Amino acid sequence: MMNAKEYMPWILRMICDAPFTSVNGRRSLSIGPCGGLSPVLAYVGLLVLAATAVYGQQPAARVWGQANLTSNTAVNPPTAISLGNPIGTAVDASGNLYVADSSNLRVLYYAAGSTTPTRVYGAGGLYTTACSPRNCGAGYLYGVNAVAVDSSGNVYIPTPNWASIYPAGSTTPAEILNYGVTAANVLTGPANAVVVDESGNVYVADSNRVVYFPAGTTTATRVYGQAGSFTTNTANQGGVSANSLSTPRGLALDASGNLYVADSANNRVLYFPAGSTTATQVWGQPDFVSTGSGTSATALSVPAGLALDPSGNLYVADSSNNRVLYFAAGSTTATKVWGQPGFTSSTTGFSATTLNSPRSVTRDSSGNLYVADFNNNRVLEYLAAGNAYTISGPAGGSLNTASATFTVAPNGAFSGTITITPSGGGLSTPIVLTFNNSYVAQTFTITPTAAGPVLLTPTNSQSFPDVSALNYATPPTAPTITAGTAANTQATVTFTAPDSTGGSAITNYTVTSTPGNFTGTGTASPIVVTGLANKSSYTFTVKATSSAGTGPASAASSSTYVYPTPTVTSVSPASGPLAGGAAITITGTGFTGATAVTLGGTAVTSVVVVSDTSITAVTPVKAAGTASILVTTPGGTNAANTLYTYLATPTVSAISPSSGPGSGGQAVTITGTSFTGTTSVTLGGAPATSISVVNDTTITATTPALSAPTAGILGTTGTYPWGITIDSSGNIYTANRTSNNVTRITPGGVS
């Protein structure tokens, strides 16, 4: 009988075979003690992953250990990329792969996506060493046939004589643990599988039994397959039944704590409800007392690894039938198979679609399947259905050309056909692409014949993440210009939308001038075109643009003249009476096309545009003060100003002194109102001198020489006379501000 230590390689074998070798749900596990030592192993737990949608004859996408998918060469001495009877696999949280390379006495580490190892455990740390204790020394691993990695990246490698634990990233073991003898707290071996539930309780497949360790303890409190005895480890204790086991090599737990056991020597998988040691369901056998092997959708032959997905679907590495089977939740009839063309064959081979004694099955977080193909000296990867190939092409939205081309790129060596069925856009004929174990991408082109959305639906549940839905469209028809107005170097063009958008939303309009090709853009009418020359004429066209392209130009608009903004530089005369009626001449630029002239906000009358630089008009009635002259044309209105002043009629109420010498020269102060703007003052018809307008009510002046006494004061404000006076001959003089003259009244009457 073999020593228990010789069975040690099995303690982690089913860690790779069973679902908990992947990256999901790992938990810490302790088993022991052994030979007086402290806990034997720390390991991690149950994998729960999604099932693929891959059926019989799905080819593997990638291979480790061989140059291609059609070779199975065993290389001795080994190379860095060769494998010899790989028996265990593990995938860490980052997708890095670990392979137990049993014949080469080593474990190889492959970075995610690579088939070339960058780290080696055992073999003296060398990739090309045929190792033995003599030439490898402390770096020697004897009989390695399993590997595990926990959530922290620590690596566990069992051998017949010890189990080595390597800290994350290190190829030097930190612990070496040994075995003991059968008991509730000792493993006999071979220990083939380990799994931990959500609470940290541990299950170990130990030779012909499964033992249960409550969380945090190293003494089992429940045993499966031994009629409740912790001191026996007999195959089929008490006979084959729902309570017996013979060389269990795979374990899995579902979320409810129900236990699945690959009872290898009995060619069956058993289901134990949570907490029970009596199986209530069996796969591979018609009942709980049969043990025969077979090759069908309901039979098994030496089942090894197990995996479960979140829906309770079961995956079994059926090693002697050279296949992996899929059982839908609750069913004992397989509906999917890897490695065989159907459920009734068990042939071996070394191709992308065949297997030879698969010893482990592992799934990563993306649902990809890894199988240690023991006798073919390789590890295979089968891509999940949605990962088998990638389709890329124009982004979702509108199609800017009459056709669109897409690329279908296999993510591995893909064999089979992919059918893409279009709908919409006048399309319905399926596109069929055939791949023959090829990595080479293929393309296909669609040419819609009608506007509207085009949907592309591929087979094998593949989605179009970069494509989504397309919308085939033609450019829009021409818009219609309804008006164009221009002012001060720019024009505003209004238009109506095209009669047809061509099946795609209009995103932009462009208006273009002739001459000059000046443009303006916008998403709706109206649109402003800038950069035009003042005093020039232009016509305009407009085009509409969608994601399908730019449509034709509209008919040209009628000619549009660009008016400049007018300016006003002066007005003559610059002041006038409150009563208005004064004729004025306005000088400036850009008067052509004037439509309005205002003075202080009130329209002037009798407007005549004499030229582009001159306008004549008559003032309106306004209150005293400055008034802005504004000229409006299609080019706008000039800036406000204070070029014109409305003046009130002055009054004289007193003069001091009120008399003086006839020779004149007397300084006088005149008091009254509205003196602001006074330009002349007369006494007795003679002009005063040294006039000073002190303020609106006071004037100082010097009297002129008079031949006779005078009465009254006559003055001029601006061009307007004011006041009354009498000379020595008795003539009376009165100022008429309205008629802008002075009337003389003689003793004989008016003259």
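For the structure, see preceding data.
Here goes a summary of the coordinates provided. This is a predicted model, so every value here is computed, not measured.

The secondary structure content of the protein amounts to two helices and 64 strands. Across the protein, every contact between residues at least 6 apart in sequence was considered, and the portion connecting residues at least 24 apart equals 53%. About 29000 Å² of surface is accessible on the protein, with carbon and sulfur atoms providing 54% of the total.

Bringing the pairing of strand β20 (residues 303–308) into the picture now. Within β20, six of the six residues are buried, leaving the element largely enclosed by the surrounding structure. As judged from the four bridges shared by β20 and strand β21 (residues 314–318), these two strands associate in the antiparallel manner. Within the sheet, the bridge partner assigned to P303 lies in β21 and is D318. Turn length for the β20-β21 hairpin, with the two strands adjacent in sequence and antiparallel, is five residues, and the turn residue G312 shows positive phi of about 85°.

This brings us to the pattern of salt bridges. Any two side chains of opposite charge can pair if their charged atoms end up close together. Applying the stated criterion across every chain yields a total of seven salt bridges. Between R209 and D206 there is a salt bridge whose closest N-O contact spans 3.0 Å. By the burial criterion, R209 is buried, and D206 matches it. Among the ionic pairs, D263 bridges to R268, the shortest N-O distance being 2.8 Å. Overall, the relative accessible area of 0% leaves D263 in the buried class.

This part takes up the packing of aromatic side chains. Between two aromatic rings, the relevant description is the distance of the centres plus the angle of the planes. The tally for this structure, following the rule as stated, stands at 16 aromatic pairs. Aromatic pair Y224 and F272: ring centres 5.1 Å apart, planes at 75°, arrangement edge-to-face. With a gap of 48 residues between them, Y224 in strand β15 (residues 222–224) and F272 in strand β18 (residues 268–272) connect regions that are remote in the sequence. Each member of the pair, Y224 as well as F272, carries the same accessibility label: buried.

Now for the environment of A555. With respect to the helices and strands, A555 occurs in the loop between β41 (549–550) and β42 (560–561). For the pair A555 and T541, spaced 14 residues apart in the sequence, the C-alpha separation amounts to 6.2 Å. Ignoring any residue separated from it by four or fewer positions in sequence, one finds A555 in contact with I481, F540 and T541.

You can see N208 is positioned in the loop between β13 (202–206) and β14 (209–213). Here N208 falls in the buried class, since its relative accessible area comes to 11%. With residues near it in sequence (within four places) discarded, N208 still touches Y224, G225, Q226, N233, T234, A235, L245, S246, T247 and P248.

Rules of the game
Residues numbered from 1 in each chain as written. Predicted model: local features only at pLDDT ≥ 70, side-chain atom pairs only at ≥ 80, totals over all residues. Heavy atoms only, no water. Helix = DSSP H or I, 4+ residues; strand = E, 2+ residues; numbered from the N terminus. Contact = heavy atoms within 4.5 Å. Areas by Shrake-Rupley, 256 points an atom, 1.4 Å probe, with all protein chains shown as cover. Buried < 20%, exposed > 50% of the residue type's maximum accessible area, 1.4 Å probe, protein only. Pairing = 2+ DSSP bridges. Salt bridge = Lys/Arg side-chain N within 4 Å of Asp/Glu carboxyl O. Phe/Tyr/Trp six-rings, centres within 6.5 Å; stacked < 30°, edge-to-face > 60°.

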